[in-house]
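Secondary and tertiary structure notes
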Amino acid sequence: MSQKFHAPKGVAEYVPPESGRFLAVKNALSQAAELAGYSYVELPIFEDTNLYVRGVGESTDVVSKEMYTFDDRGGRSLSLRPEGTAGLVRAVVEHNLDRAGLPVKLWYSGPFFRAERPQQGRYRQFNQVGVEALGSEDPALDAEVIAIAAEGFARLGLTNFRLLLNSLGDSQTRVEYRGLLTAFLSTLDLDDATQQRAQLNPLRVLDDKRPEMQQKLADAPLMRDVLSEAASDHHEAVCEYLRELAVDFEDAPRLVRGLDYYTRTTFEFVHDGLGAQSAIGGGGRYDGLMADLGGQELSGIGYGLGVDRTLLACAAEGLDVGAERKCQVFLVPLGQVAQTRLVVEAAALRRREVSVDLAFDDRALKGAMRAADRTGAKLAVILGDDDLAAGTAVVKDLSTGDQQTVALDALTDSIQEML
Ligand code: HAM
């Protein structure tokens, strides 16, 4: 008996035509990083579980509740990557990429995994394009990273998004702030789980999205009020560069992020057409992560942009991304001899960078021409027995309906001229 299967619950899966749009979004976001001198890295999809416990933080929801963790056959605990920064920093340290010249600028793209409750825009397998720059504390680099994320969105034509910007302070600020926040939290009536969280990392409590908690936290002290002079100067400089770059931002002193490694600059891009899952990207600086993962004490900054949510944002704005035609030329053989000839012509045209598809299974002319229309091709080439005997082929312009007869031996040249 046969059995029908479904994709696992909550995974983002794309089939044509949506998959073409997905690819266009991913490419636009990646190109912005390439244009800024970031080099591509291909990193593993699973890593040592402890890398995330150490790097992302055991008090985070991402690590404590949402990781897909399993033992491999050698009894090692591995986890599907819930995010990209920890793995990338691990790779920089492992391959000594920080010994060549600083900053090290890298980008990555691919699937990530979080066992979240699935809903529109929130998936268990989702996709990010990210960049990380390590080894420079220059606030101009913070601004560059933010600006290329904004540029990626702009390349797609998106306009209805906002950039929220905050500073989470440096190590000096955080010691002081932690004390203040712990004292404040001790005055609140908190449930056991939240109290536990407050002990592990009081900053995490600020990330609690429940409305009753947000109400209780309304008077919580702000990191902003205790920023060290150095952290404050850094933040101001980042803001100034962003103004120079004409990248609009909103000051968001209450913005906290879901991962523990952030220090100083933190940001999130939110799209106003997406409802609850509005964050289309986010990132920030991480001063201690590389040293925590056994490397030099170098600061880094980066972002992860959500490809799936960016695609939803494009749909919300009615943007027709990735709608280019599937192929430029469609070949219609009528009969076996014609098919053999056109299979060869197709290969020759593809070698000349012309995108070509052809009709299979001995399609009748009418059905084949409908298939040609569906591909969005500009030209159709029709080759029947009479044409073969005459050494010619018929080339039809599918937008105007004009037809011409061309010499079969010069088909590839003629088509290139007509495109
Ligand atoms: P993040 O904010 O956790 O940051 O994720 C970045 C983006 O990934 C989010 O803004 C969102 O668009 C997308 N995303 C996250 N979870 C889901 C989900 N379940 N379904 C769909 N999309 C999702 C990071 O991951 C950091 N590593 C970013 C970073 C890089 N910070 C510094 N460098």
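Presented here is an overview of the structure given in this document. (Residues numbered from 1 in each chain as written. Predicted model: local features only at pLDDT ≥ 70, side-chain atom pairs only at ≥ 80, totals over all residues. Heavy atoms only, no water.)

**Focus: the overall build of the chain**
- Per the secondary structure count, the chain includes 17 helices and 16 strands.
- Along the three orthogonal principal directions, the C-alpha set of the chain runs to about 90 × 60 × 40 Å.
- Expressed as a percentage of its 419 residues, the buried residues of the chain come to 51%.
- Counting only contacts in the chain whose residues sit at least 6 apart along the sequence, the fraction spanning at least 24 positions is 71%.
- On the chain, roughly 20700 Å² of surface is accessible, and the fraction owed to carbon and sulfur atoms is 49%.
- The distance from the centre of the 44 positive side-chain charges to the centre of the 63 negative ones in the chain is 6 Å. (Helix = DSSP H or I, 4+ residues; strand = E, 2+ residues; numbered from the N terminus. Buried < 20%, exposed > 50% of the residue type's maximum accessible area, 1.4 Å probe, protein only. Contact = heavy atoms within 4.5 Å. Areas by Shrake-Rupley, 256 points an atom, 1.4 Å probe, with all protein chains shown as cover. Lys, Arg positive; Asp, Glu negative; His and termini not counted. Charge placed at Lys NZ, Arg CZ, Asp CG, Glu CD.)

**Notes on the side chain of Asp 260**
- Tracing the backbone shows Asp 260 in the loop between strand S8 (250–251) and strand S9 (263–271).
- A polar side-chain atom of Asp 260 sits 2.9 Å from a polar atom in the side chain of Asn 201.
- Side chain to side chain, Asp 260 and Arg 204 meet in a polar contact 2.5 Å long.
- Excluding anything up to four places from it in sequence, Asp 260 contacts Val 56, Gly 57, Ser 59, Thr 60, Arg 174, Asn 201 and Arg 204. (Polar contact = N/O pair within 3.5 Å; in protein donor to acceptor, adjacent residues only side chain to side chain.)

**Some details on the pairing of strand S15 (residues 392–397)**
- In terms of burial, S15 is a largely internal element, 5 of the 6 residues being buried.
- Taken together, the 4 bridges between strand S14 (residues 379–383) and S15 define a ladder with antiparallel strand orientation. By the bridge assignment, Val 381 is partnered in S15 with Val 395.
- In this structure, S15 lies alongside strand S16 (residues 403–407), joined through 5 bridges in antiparallel fashion. (Pairing = 2+ DSSP bridges.)

**Regarding helix H1 (residues 18–35)**
- The end-to-end C-alpha distance of H1, which contains 18 residues, comes to 26 Å, matching closely the 26 Å that a straight helix rising 1.5 Å per residue would cover.
- Looking at H1, one finds that the buried residues are Phe 22, Ala 24, Val 25, Ala 28, Leu 29, Ser 30, Ala 32 and Ala 33.
- Where H1 is buried, its residues meet strand S5 (104–113), strand S6 (125–134), helix H5 (139–155), strand S11 (300–306) and helix H13 (307–316).
- Phi turns positive one or two residues past the end of H1, at Gly 37, with a value near 85 degrees. (Expected span 1.5 Å × (residues − 1).)

**Digging into the site of the ligand**
- With respect to spatial proximity, 27 residues lie near the ligand, and among them Glu 83, Glu 116, Tyr 123, Glu 132 and Tyr 262 are the closest.
- Isolated, the ligand exposes 650 Å² of accessible area, and the fraction of that covered by the protein chains is 96%.
- Listing elements by their share of the shell around the ligand, those giving two or more residues are S6, strand S10 (279–286) and S11.
- Sort the elements by how many residues they give to the shell around the ligand and S10 lands first, with 7 residues.
- Class assignment of the residues belonging to the shell around the ligand gives a composition of 10 nonpolar, 10 polar and 7 charged. (Near = heavy atom within 4 Å. Nonpolar A, V, L, I, M, F, W, Y, C, P; charged D, E, K, R; others polar.)

**Some words on the packing of aromatic side chains**
- Going through the model one piece at a time under the given rule, you end up with 11 aromatic pairs.
- Centroid distance Tyr 261 to Tyr 286: 5.6 Å. Interplanar angle 70 degrees. Geometry classified as edge-to-face. On the criterion of sequence distance, the pair formed by Tyr 261 in the loop between S8 and S9 and Tyr 286 in strand S10 is long-range, its members being 25 residues apart. Both residues of the pair, Tyr 261 and Tyr 286, count as buried.
- Ring-pair connections join several aromatic residues into one group, and the members of that group are Phe 153, Phe 161, Phe 267 and Phe 269. (Phe/Tyr/Trp six-rings, centres within 6.5 Å; stacked < 30°, edge-to-face > 60°.)

**Some thoughts on a nonpolar patch on the surface**
- Judged by side-chain polarity, Ile 45, Phe 46 and Phe 70 come together as a nonpolar surface patch covering roughly 240 Å² of accessible area.
- As for its placement among the helices and strands, Phe 70 is situated in strand S3 (residues 69–71). (Patch = residues over 30% accessible without salt bridge, like charges linked within 9 Å, V, L, I, M, F, W, Y side chains within 5 Å. Salt bridge = Lys/Arg side-chain N within 4 Å of Asp/Glu carboxyl O.)

**Quick look at the packing of H1 against H5**
- Interhelical geometry of H1 versus H5 gives an angle of 135 degrees and a closest axis separation of 8 Å. Relative to H5, the element H1 lies oblique. Of the two elements, H1 crosses H5, and the hand of that crossing is right-handed. Residues Ala 28, Leu 29, Gln 31, Ala 32, Ala 33 and Leu 35 of H1 form the contact with H5, whose participating residues are Ile 148, Glu 151, Gly 152, Phe 153 and Arg 155.
- Across the contact of H1 with H5, the residue classes tally to 7 nonpolar, 2 polar and 2 charged. (Axes fitted to C-alpha atoms, helices over the stretch in contact; angles between N-to-C directions. Parallel < 35°, antiparallel > 145°, perpendicular 65-115°, else oblique. Left-handed = near helix turned anticlockwise from the far one by under 90°.)

**Here we look at the sheet that holds strand S2 (residues 46–48)**
- Strand order in the open sheet formed by 3 strands is S2-S4-S3, and the pairing between neighbours is antiparallel. Among the strands making up the open sheet, the edge pair consists of S2 and S3. On average, each strand axis in the sheet is inclined to that of its neighbour by 35 degrees, with strand direction left out of account.
- Judged from the 3 bridges that link them, S3 and strand S4 (residues 77–80) form a sheet pairing that is antiparallel. Of the residues in S4, the one forming a bridge with Thr 69 is Ser 79.

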